[in-house]
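# Structure assessment
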Amino acid sequence: MPTPESELFLAKKPKVPPTFDGVDYDDTPRLKAARDAIIREQWVQSMMARLIRDELGKCYYREGVNHLEKCGALRERYFEALKHAKVRGYLFQQQNYIEKKES
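All of these numbers come straight from a predicted model, not from anything done at the bench.

Moving on: the packing of aromatic side chains. Applying the stated criterion across every chain yields a total of one aromatic pair. With a centroid separation of 6.5 Å and 35° between ring planes, the pair formed by Tyr78 and Phe79 is classed as tilted.

Here it is, written out as structure tokens:
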């Protein structure tokens, strides 16, 4: 059963998606919120990779010499998570923003 979210948690939860789509650069509060959401999403991906790495280490220790067979799924999941695990920041996305054209 999920735990109900507190008012304090809901107040800190970002209300914008982690992208600069539709953000007016002259609207400073919305720009800051988009930046924070991007950084938060990158940190979440980094922490997910860390959790998978910890589980992979436990699997290697538990399985011993059979770790190549038994931990293959975790290993592949970790390699996929590593592609997105680096915290890159928001400057590149903000400075090189290209508006999407609707077709």
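The rest of the description comes next.
Listed as buried for helix α4 (residues 72-82) are Gly72, Arg75, Tyr78 and Ala81. In this structure, the buried residues of α4 make contact with α2 (28-63) and α3 (67-70).

Below, the discussion takes up the pattern of salt bridges. Within this structure, the stated rule accounts for three salt bridges. Here Glu55 makes a salt bridge to Lys58, at a shortest N to O gap of 3.5 Å. Taken together, the residues Glu55 and Lys58, both in helix α2 and three residues apart, mark about one turn of the helix. Glu55 gets classed as partly exposed once you look at its relative accessible area, which sits at 39%. Across the salt bridge formed by Arg62 and Glu63, the nearest N and O atoms sit 3.5 Å from each other.

Rules used throughout
The residue numbers shown here count from 1 along each chain, following its written sequence. For a predicted model such as this one, the threshold for reporting local features is a pLDDT of at least 70, and the threshold for listing and counting side-chain atom pairs is 80 or more; totals across whole chains, interfaces and linings nevertheless cover every residue. Excluded from the side-chain calculation are hydrogens and water; included are all heavy atoms of the structure. Aromatic rings from Phe, Tyr and Trp, taking only the six-membered ring of Trp, are treated as a pair when their centres fall within 6.5 Å; an angle between ring planes under 30 degrees marks them as stacked, one over 60 as edge-to-face, and anything in between as tilted. Think of it in three bands: with a 1.4 Å probe and only protein chains considered, a residue is buried below 20% of the maximum accessible area for its type, exposed above 50%, and partly exposed in between. A run of H or I in DSSP counts as a helix once it spans at least four residues, and a run of E counts as a strand once it spans at least two, with each numbered from the N terminus. We call two residues in contact whenever any of their non-hydrogen atoms come within 4.5 Å of each other. The salt bridge criterion pairs a side-chain nitrogen of Lys or Arg with a carboxyl oxygen of Asp or Glu, the two atoms within 4 Å.

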